[in-house]
Amino acid sequence: MPEHLDDAQLIARSSHDPEIFAQLYHRHAAELHRFVARRLGTDLADDVVGETFLIAFRRRESYDRTRSLALPWLYGIAVNLVSGHRRSELRGYQALVRTGVDPVAKTDASEAEAVDEKVTAQASGQAIATALRALSDGDRHVLLLIAWADLSYQEVAEALGIPLGTVRSRLNRARRKMRAAIPELDPILAPEAPHHG
């Protein structure tokens, strides 16, 4: 029965049946973990994701139940926790600069394609890591929630508790800085990149 409920309904029901909140974890933990692991590494990601759901559980009574999808809310909690690990995140980017290896990035390529992609990714990964380190925390959060978590502008605004206009301005500033550092970057960083939201 809980699998047929949207996130808001699960959260509402968890007030009377706390165990039902586990369904929210099963729905969203893997996605949150990938995002946090790319920012902090897998060891810290385990802790941050666990803490994210613990905080969400404790704050479930204040959740805006008009929002059927809780993922932006969970990302907001996770981003706040990631901010507390800023040094670890910046060290992770520095490691990426040195090695060029993003251990969490997905690849669905054949072995030969994977080798080609790894060589290309190593060069671009180092430049991207350097450019990401140079962004302010707020700009980095917005950019990565859109580029890595695939949230819409509105979902990013909800996650970070900021106005939609602030999301747009931070994203434009981050894209501008990233393009200046790496002109050949992915279209998500182009100013006119279409995105839902």
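It should be noted that the structure appears before, not after, this text.
Let me begin by describing the structure that accompanies this report.

Conventions adopted
Residues numbered from 1 in each chain as written. Predicted model: local features only at pLDDT ≥ 70, side-chain atom pairs only at ≥ 80, totals over all residues. Heavy atoms only, no water. Helix = DSSP H or I, 4+ residues; strand = E, 2+ residues; numbered from the N terminus. Buried < 20%, exposed > 50% of the residue type's maximum accessible area, 1.4 Å probe, protein only. Contact = heavy atoms within 4.5 Å. Expected span 1.5 Å × (residues − 1). Arc of directions from axis to C-beta. Axes fitted to C-alpha atoms, helices over the stretch in contact; angles between N-to-C directions. Parallel < 35°, antiparallel > 145°, perpendicular 65-115°, else oblique. Nonpolar A, V, L, I, M, F, W, Y, C, P; charged D, E, K, R; others polar. Phe/Tyr/Trp six-rings, centres within 6.5 Å; stacked < 30°, edge-to-face > 60°. Core = buried A, V, L, I, M, F, W, Y, C linked by side-chain atoms within 4.5 Å. Left-handed = near helix turned anticlockwise from the far one by under 90°. Bend = angle between axes of the 7 residues up to and from the residue. Salt bridge = Lys/Arg side-chain N within 4 Å of Asp/Glu carboxyl O.

Now for the overall build of the chain. Looking only at helices and strands, the chain has nine helices and zero strands in total. Mapped from its N terminus to its C terminus, the chain presents α and β elements in the order α-α-α-α-α-α-α-α-α. Within the chain, the proportion of its 197 residues that are buried is 41%. In the chain, the proportion of contacts linking residues at least 24 apart, taken out of those at least 6 apart, comes to 62%.

The next subject is helix 9 (residues 164–181). With 18 residues, helix 9 extends 26 Å from end C-alpha to end C-alpha; this agrees with the ideal 26 Å at 1.5 Å per step. Of all the residues in helix 9, the buried ones are Val167, Leu171, Ala174, Arg175 and Met178. Projection of helix 9 onto a plane perpendicular to its axis shows the buried side chains occupying an angular sector of 105°, all on one side.

Let's shift gears to the packing of helix 7 (residues 137–147) against helix 9. Between helix 7 and helix 9, whose axes approach to 8 Å, the crossing angle comes to 90°. Relative to helix 9, helix 7 is oriented roughly perpendicular. Contact with helix 7, carried on its side by Gly138, Asp139, Val142, Leu143 and Ile146, involves Val167, Arg170, Leu171, Arg173, Ala174, Lys177 and Met178 of helix 9 and no other residues of that element. Classifying every residue of the contact of helix 7 with helix 9 gives seven nonpolar, one polar and four charged.

The next subject is the packing of aromatic side chains. Pairs of aromatic rings are described using the distance from one ring centre to the other and the angle between the two planes. Under the defined criterion, the tally for this structure stands at four aromatic pairs. Seen from their ring centres, Phe35 and Tyr75 are 5.2 Å apart, and the 90° between their planes marks the pair as edge-to-face. Taken together, the residues Phe35 in helix 2 (residues 22–40) and Tyr75 in helix 4 (residues 71–83) connect sequence positions 40 residues apart. Tyr75 matches Phe35 in its accessibility class, with the two residues each being buried.

The next subject is the nonpolar core. Nonpolar side chains tend toward joint burial in soluble globular proteins. Of all hydrophobic cores here, the largest spans 47 residues; its most connected members are Val36, Tyr75 and Leu145. Where this core is concerned, the elements lending two or more residues are helix 1 (7–13), helix 2, helix 3 (42–58), helix 4, helix 6 (111–134), helix 7, helix 8 (153–160) and helix 9. Here the element with the most residues in this core is helix 4; it accounts for nine residues. Apart from the residues within four sequence positions on either side, Leu145 is in contact with Phe35, Tyr75, Val79, Asp150, Leu151, Val156, Ala159 and Leu160.

This brings us to the packing of helix 2 against helix 4. Axis separation between helix 2 and helix 4 bottoms out at 10 Å; the angle between their running directions is 35°. Between helix 2 and helix 4 the crossing geometry is right-handed. Contact residues: helix 2 offers Leu24, His28, Glu31, Leu32, Phe35, Val36, Arg39 and Leu40, while helix 4 offers Leu71, Leu74, Tyr75, Ala78, Val79 and Val82.

Right, let's talk about unusual backbone geometry for a bit. A positive phi is found at Asp150, a non-glycine position, where the angle reads about 60°. With respect to the secondary-structure elements, Asp150 resides in the loop between helix 7 and helix 8. For Asp150, a relative accessible area of 47% corresponds to the partly exposed category.

A separate point is the environment of Arg67. Looking at the element boundaries, Arg67 is found in the loop between helix 3 and helix 4. C-alpha of Arg67 to C-alpha of Asp7: the two residues are 60 residues apart in sequence and 8.2 Å apart in space. Not counting residues within four places of it along the chain, the set of residues in contact with Arg67 comprises Ala8 and Glu158.

With that settled, the discussion passes to helix 2. His28 marks the point of greatest bend in helix 2, at about 50°. Among all positions in helix 2, only Leu24, His28, Ala29, Leu32, Phe35, Val36, Ala37, Arg39 and Leu40 are buried. Count one or two residues on from helix 2 and you reach Gly41, which has phi positive near 95°.

This part is about the pattern of salt bridges. A full pass over the atoms with the stated rule returns six salt bridges. Residues Arg67 and Glu158 are paired through a salt bridge, measuring 2.6 Å at the closest nitrogen-oxygen approach. Residue Arg67 is located in the loop between helix 3 and helix 4, and its partner Glu158 is located in helix 8; the two are separated by 91 residues in the primary sequence. Linking Arg173 and Asp139 is a salt bridge whose minimum nitrogen-to-oxygen distance equals 2.8 Å. One end of the pair, Arg173, is in helix 9; the other, Asp139, is in helix 7, and 34 residues separate them in sequence.

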